Amino acid sequence: MRVRDWQDILADVTDADVDPDGWRAVAGDRRGGLGEDLYLGHPNAGVYALKTYTKNPTELRGVGARVARRIDEDLEPLLPREEREDAGRFAVQSPPEDEAHAETMATRLEETVKVHAEAPTTPDDFFEDVMDALDSPAFGPMEYEFDGRPDRLEDLSEEFADADELLSKDLDDLVESDGVDRGFQ
C-alpha cells in the first residue's frame with residue numbers, strides 16, 4: 001500500500017476505466033482526530049481510503065491509498081447499495097477540458113433538466129441523467145454522517161485496520177507540520 005496525497009487518489013478514481021455509476025462511498029468524522037474519513041469503492045476498481053482535514057476555509061489537505069484491488073463478497077456488505085432508499089448520493093467531477101467541452105456539457109445538462117421537467121421521473125433517475133450529462137467519471141450511493149461515523153465506516157476502518165492506522169499517522173503528521181492542530185490556520 002502506497003500512501004499518497006488525497007488529490008492523487010481522486011485522480012485515480014476519475015481516471016479509472018470502469019462504469020462511472022458503479023462507485024459507492026461511506027464517509028464521516030475521523031475517529032480520534034481532526035478531519036474526515038472517506039472510503040470509495042467500485043467492484044472493478046477496488047476500494048480507496050482517504051483521510052482529509054480542512055487546513056483553512058479554502059484549503060483541504062489529506063492522504064489516501066488504495067486498500068483493496070476489488071470488492072469481494074466480504075467487502076460488498078460494507079458499502080451502500082444503490083437499492084437502499086436511505087442512501088445519499090455523491091459524485092466526483094472532472095473539470096471541462098476546454099471551453100467547447102464546457103459548452104457541450106452545459107447544453108446536455110440543460111436538455112436533461114428540460115426532459116425531466118416535462119416527464120414524470122424519480123430523483124434517482126434525475127441524478128443519474130445529470131451525472132451522465134456532465135460526464136461524471138464516478139458517482140453513486142453514499143452513506144454519510146456530517147457529525148458522526150456511520151456503522152459502515154467503523155466496519156471499513158476495522159476491515160482495513162493497518163491502512164487506517166498508517167493513514168491516520170500520516171494525516172496527524174500533516175496536521176502537525178501544517179501547525180494547525182485543532183483549528184483553522
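Details of the structure are given in the entry above.
1. Notes on unusual backbone geometry
In step 1: Even without a glycine there, the phi angle at D135 is positive, about 55°.
In step 2: Residue placement: D135 occurs in the loop between helix 3 (123-133) and strand 7 (138-144).
In step 3: Classification of D135 as partly exposed rests on a relative accessible area of 42%.

2. Looking at the pattern of salt bridges
In step 1: Inspection of every chain in the model, using the stated rule, returns 16 salt bridges.
In step 2: With its nearest N and O atoms 2.1 Å apart, the salt bridge here joins R4 to D12.
In step 3: The class for D12 is partly exposed, based on a relative accessible area of 27%.
In step 4: Residues R149 and D37 are paired through a salt bridge, measuring 2.9 Å at the closest nitrogen-oxygen approach. Residue R149 is located in the loop between strand 7 and helix 4 (151-159), and its partner D37 is located in strand 3 (residues 36-42); the two are separated by 112 residues in the primary sequence. For the pair formed by R149 and D37, the shared burial category is buried.

3. What to know about a negative patch on the surface
In step 1: A cluster of acidic residues, E73, D74, E145, D147, D151, D155, E158 and E159, forms a negative patch on the protein surface.
In step 2: Judged by its relative accessible area of 66%, D147 is exposed.

Conventions and cut-offs
- Residues numbered from 1 in each chain as written.
- Predicted model: local features only at pLDDT ≥ 70, side-chain atom pairs only at ≥ 80, totals over all residues.
- Heavy atoms only, no water.
- Helix = DSSP H or I, 4+ residues; strand = E, 2+ residues; numbered from the N terminus.
- Buried < 20%, exposed > 50% of the residue type's maximum accessible area, 1.4 Å probe, protein only.
- Salt bridge = Lys/Arg side-chain N within 4 Å of Asp/Glu carboxyl O.
- Patch = residues over 30% accessible without salt bridge, like charges linked within 9 Å, V, L, I, M, F, W, Y side chains within 5 Å.
- Areas by Shrake-Rupley, 256 points an atom, 1.4 Å probe, with all protein chains shown as cover.
- Lys, Arg positive; Asp, Glu negative; His and termini not counted.
- Charge placed at Lys NZ, Arg CZ, Asp CG, Glu CD.

Purely geometric numbers; function is a separate question.
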